[in-house]
Each structure stands twice: as structure tokens, then as C-alpha cells.
Amino acid sequence: MYEKLENLEEKFQIRDFPLNVLIETGNYCNLNCTTCSNDKLTRKRGYMNSLLYRRIIDEIADENPYARVWLDYYGEPLLSKFKLYYMIDYAKKKGCKNISMNTNATLLDEEMAEMLLDSNIDFISIDCDGFSPEVYEKIRIGAKRDIVYKNIEHLLKRKKERGLDNIKIEVKVMEMEENKHEIQKIMDYWRERGAWTTKRRLITWGGSVKDIKIEEKDRIACGYAVGICPITWDGNVVNCACDVDASVIWGNVNENSIKEIWKIRNEKMVKLQVEHRFAELPEICHDCNDWSIIGEERFDENGNPVQKNYEHKEKML
């Protein structure tokens, strides 16, 4: 079962440096999923400059090498191709302990799989929202179910053959009406092949996906805002992990450090979240209900529950 909201909120803390840093390698995507609004972005498109990336990683390594670095925000990271290997390799050589990425796995061919395994990345999360081609391809528009399944199977096979137990690979399913009858089948299938499995609820991305309805509850501080620092490909630190169109910008890491911008963000937004002063939050927060679906159900390859770690000096899981 999903953890109760009030129990989750007890774990949220205002810290001098973020627990999670989302680095947008690029905001392009090769799919047009029903659960996403990437095709509706009005902000400029691009890929992150390597010099800006190095600046970000250098600060993370100095401030807290255990901060979770996610090499994606609102785009498909594998579109960066082999530049992604350099990004992971640079972060690992600087001493960062928690390098992760989310991918739709459509581009995860044999060559790309070997590159990721060579990079010594810590955690790969793969979206897989259907078992049958009919359900999968209805949700993940532009993807072919059989190709994606083949890609994931090969990655898991090569990870096992190479004995890379340090790399965790998770297959994640978003729970929705269209796939609820297939969720257990998806999780059983990938668990049998050595993957971790995770189930999550649908998110509206700050209300940008209009067809997703979330049940109203007593409001708590937003986990997508308190501990997560999203940085767009051009260096903007935006309001929260759901502010995908960068409607609120707290600063730019080309001009100031993450820590400096984080301090301003804490004082002007996160503090209001923790103190439940919701009416004073930025406009994007007023009608957003994504705070109510924070959390997931995560299991290891044997089906044992895995609890998320909220500590700053440890590995992610």
C-alpha cells in the first residue's frame, strides 16, 4: 500500500542543500504519451551545455556527493546519445554516489545498453505502462511494446552476465484505468527477469495534463517541492518537479550557485509549504493536487518492499 500522506510529511525537512537534483539533459521527447504534456511546452527547447553540467556536478560533489542526481527532468535522456555516458562518467569520477535516470527505453538498443552499464550509473528507472501491445501503445503513443520489452530484457540479461549487482534497474508502471487489469502481470513479468518493480499514481504535472483527475484530500506540504531541485537544460531552477513549463524561476545556475538559489527558494516557497501557508504559495501551486499522490510502492526483484531513503548521507535505496 502507498504510505499515508501524514507519515510522508513527517519525513520532509528544509535543508541547506537539496536531497534530489533533477538535471534536464534536454527537454525533447520522442513519444507523445497520454500521461505527459511535453508536446505542450511553451519554453525553449534545447540540450544542456557540457560546461554548465560540469558546474552543477562540481557543486553537488563539493556540497553533498550523496545528493540524488537525476539526469532527466522533462525529456528523454537517451536522446542525448553518447553524451550521456560522458555526463554519468564525469559525475562518478567527481565522487557523486547516487546517479539515476528515467527513460522510456525506446532507444535502449544493445549499444546503448552496453554504454549505460559501462558508465557505472547507480539506478535506471524504466517506464512500462502496459503488458499487451494494445494497452501499452495506447498510453505510450509512438512506442512499440515488443521493441521496448526486448530492450529491457536485453539490458537485464547483460547486467546479470556482467555481474553488475551495484546497478539497480527498476521497471515502473503508472497506475491508471486503462492498465489496472495488467499491472500485476507487468510487475510479475519483470520481477522474474531480475528487475525491481514500482507502482505509482498518475500525476498532472502541475495541472498541465487536464484529463487526469485527483481525489481531493486534506492538504500537506508538497514532496515535489520540499526536497527536489529541478534545473532546466538552460540552467533555470524552477518552482518544483511539476513546474515543467518553468512558470516560476527562482534563479539560474549560470549566474548563482545551487545553494544560493536553494536558500531563496526555501525562504520564499518551501517554508510556506512546511508551515501550511498554502494561500501564499506561487499561483501554480494554488490549484495543483499533485502533492496528494507523492510516493510509490517499490519492490526488489524478490518482491520485498523497498523503503525510500530520506537521509542525505546515504545511498538512495
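Treat the numbers as computed from the prediction; the structure is a model and nothing was measured.

Visitor: Give a detailed account of helix α7 (residues 183-191), specifying residues and quantitative values.
Guide: Among the residues of α7, Ile183, Ile186, Met187, Tyr189 and Trp190 are the ones counted as buried. One side of α7 carries all its buried residues, which in axial view fall inside an arc of 160°. Buried-residue contacts for α7 involve α6 (145-161), β5 (168-175), β6 (196-201) and β10 (296-299).

Visitor: I'd love a proper account of the pairing of β5, names of residues and values included.
Guide: Most of β5 is tucked away, with six of its eight residues classed as buried. As paired elements, strand β4 (residues 123-127) and β5 share five bridges and run parallel to each other. Counted as the bridge partner of phenylalanine 123 is lysine 168 from β5. Of the crossover connections in this fold, the one passing from β5 over α7 to the parallel β6 is right-handed.

Visitor: Pulling in residues and values, what's your account of the pattern of salt bridges?
Guide: Applying the stated rule across the entire model yields 25 salt bridges. Residue lysine 263 is joined to glutamate 267 by a salt bridge in which the shortest nitrogen-to-oxygen separation is 2.7 Å. Here lysine 263 pairs with glutamate 267, and both are found in helix α9 (residues 258-274), just four residues apart, close to one helical turn. Through salt bridges with shared partners, a single ionic network connects Glu114, Asp118, Lys157, Arg158, Glu161 and Arg162.

Visitor: Give me the nonpolar core: which residues, what numbers.
Guide: Among the nonpolar cores identified, the biggest contains 107 residues, and Ile23, Ile60 and Trp190 are the most heavily contacted of them. Those residues in contact with tryptophan 190 that sit more than four places away from it in its chain are Cys128, Tyr149, Ile152, Glu153, Leu156, Val171, Ala195 and Thr197.

Visitor: With reference to specific residues and values, describe the state of the cysteines.
Guide: Evaluated as defined, the whole model comprises zero disulfides. Not engaged in a disulfide, the cysteine cysteine 222 finds its nearest cysteine sulfur in cysteine 242; these two sulfurs lie 5.8 Å apart.

Visitor: How would you summarise unusual backbone geometry if you had to cite specific residues and measurements?
Guide: Peptide bonds are mostly trans, and most non-glycine residues show a negative phi. Positive phi values are uncommon outside glycine, yet alanine 105 reaches one of about 70°. Following the sequence through the fold, alanine 105 ends up in the loop between β3 (98-103) and α4 (110-119). Despite not being glycine, tryptophan 205 shows a phi value in the positive range, around 55°. With respect to the helices and strands, tryptophan 205 occurs in the loop between β6 and α8 (223-226). When its relative accessible area of 22% is taken as the criterion, tryptophan 205 is described as partly exposed.

Analysis parameters
- All residue numbers refer to position in the chain's written sequence, counted from 1.
- A pLDDT threshold of at least 70 governs which residues receive local features in this predicted model, and a stricter bar of 80 or more applies before side-chain atom pairs are shown or counted, although totals over entire chains, interfaces and linings include all residues.
- Calculated side-chain values reflect all of the structure's heavy atoms, with hydrogen atoms and water omitted.
- Exposure classes here rest on a 1.4 Å probe applied to the protein chains alone. A residue is buried below 20% of its type maximum, exposed above 50%, and partly exposed in between.
- The secondary structure listing takes helices from DSSP runs of H or I that are at least 4 residues long and strands from runs of E that are at least 2 residues long, numbered from the N terminus.
- The directions considered for the arc are those from the helix axis to the C-beta atoms.
- By the convention used here, residues are in contact when the closest approach between their heavy atoms is within 4.5 Å.
- Note: two strands are recorded as paired if DSSP finds a minimum of 2 bridges between them.
- Looking down the strands as they point away from you, a crossover is right-handed if its path from the first strand over the helix to the second goes clockwise.
- One side-chain nitrogen of Lys or Arg within 4 Å of one carboxyl oxygen of Asp or Glu is enough to make a salt bridge.
- Only buried residues count toward a nonpolar core, which is a set of Ala, Val, Leu, Ile, Met, Phe, Trp, Tyr and Cys residues joined through side-chain atoms within 4.5 Å.
- Put simply, a disulfide is two cysteine sulfurs that come within 2.5 Å.

Note that all results are geometric; they support no functional claim without further evidence.
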